[in-house]
Amino acid sequence: MTYAETIMSIEYDPDSRRLTVAFDSFRKIVFYDVPPSAREAIADAPSPEDAFATKLVGKFAWTEMAAPESGNLGGTSNPDSARSVSEAFKSDRGSER
């Protein structure tokens, strides 16, 4: 895996304990059986990419989802308009309680 990619979004499903990481390269990686504490560690990290490399990689089973041929995941294609990972985590925290 390449860690130099920028994380565009992270989605966490507490029921299935799946964490999906989407990168600016249009790759998506799904990690399985991830505890909430690992998600929080990434959310609170100064660098989500560094936390991704140290808190997830090699610690949890994962699969990589293929990017669509068009290169568009249906979201924004302008990285400047995407929410930062920290903003996304902070706005999602209230929904887990």
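Enquirer: Any chance you could break down the overall build of the protein for me, citing the residues and the numbers?
Expert: Each helix and strand counted, the protein has three helices and four strands in total. In the protein, the succession of helices and strands from N to C terminus is β-β-β-α-α-β-α. Within the protein, the proportion of its 97 residues that are buried is 30%. Contacts spanning at least 24 positions in sequence make up 52% of the contacts within the protein whose residues lie at least 6 apart. Approximately 5,900 Å² of the protein is accessible, and the part contributed by carbon and sulfur atoms is 49%.

Enquirer: Provide a residue-level description of the packing of aromatic side chains, including the pertinent values.
Expert: Aromatic ring pairs: the centre-centre distance and the angle between the two ring planes describe each pair. Counting across every chain of the model gives two aromatic pairs. Centroid distance F23 to F52: 5.3 Å. Interplanar angle 80°. Geometry classified as edge-to-face. Within this pair, whereas F23 is found in strand 2 (residues 18–23), its partner F52 is found in helix 2 (residues 48–56), the two being separated by 29 residues in sequence. Its relative accessible area of 4% is what places F23 among the buried residues. Seen in terms of ring centroids, F31 and F52 are 5.7 Å apart; in terms of plane orientation they differ by 75°. Their pairing is edge-to-face. A residue pair is termed long-range when its members are at least 10 positions apart, and F31 in strand 3 (residues 28–31) and F52 in helix 2 qualify at 21 residues. A relative accessible area of 0% means that F31 is categorised as buried. Of the aromatic side chains, those joined through ring pairs into one cluster are F23, F31 and F52. The lysine or arginine in question, R27, covers the ring of F23, its NZ or CZ lying 5.2 Å from the ring centre.

Enquirer: With reference to specific residues and values, describe the confidence of the model for the protein.
Expert: When pLDDT is averaged along the protein, the result is 74; 64% of the residues meet or exceed 70. Considering each helix and strand of the protein separately, the mean pLDDT is smallest for helix 3 (residues 85–92), with a value of 45, and largest for strand 3, with 93. Contacts from residues 71–97, a stretch scored under 50 in pLDDT, to residues over four places away or in other chains number 29 contacts.

Enquirer: I'd love a proper account of the nonpolar core, names of residues and values included.
Expert: Burial of nonpolar side chains together is a common tendency in soluble globular proteins. Within the largest apolar cluster, 17 residues are counted, with the highest numbers of intra-cluster contacts made by L19, V21, F31, V34, F52 and L56. Those elements giving two or more residues to this core turn out to be strand 1 (7–13), strand 2, strand 3, helix 1 (36–43) and helix 2.

Quick notes on the rules
- Residues numbered from 1 in each chain as written.
- Predicted model: local features only at pLDDT ≥ 70, side-chain atom pairs only at ≥ 80, totals over all residues.
- Heavy atoms only, no water.
- Helix = DSSP H or I, 4+ residues; strand = E, 2+ residues; numbered from the N terminus.
- Buried < 20%, exposed > 50% of the residue type's maximum accessible area, 1.4 Å probe, protein only.
- Contact = heavy atoms within 4.5 Å.
- Areas by Shrake-Rupley, 256 points an atom, 1.4 Å probe, with all protein chains shown as cover.
- Phe/Tyr/Trp six-rings, centres within 6.5 Å; stacked < 30°, edge-to-face > 60°.
- Lys NZ or Arg CZ within 6 Å of the ring centre and 35° of its normal.
- pLDDT = per-residue confidence, 0-100.
- Core = buried A, V, L, I, M, F, W, Y, C linked by side-chain atoms within 4.5 Å.

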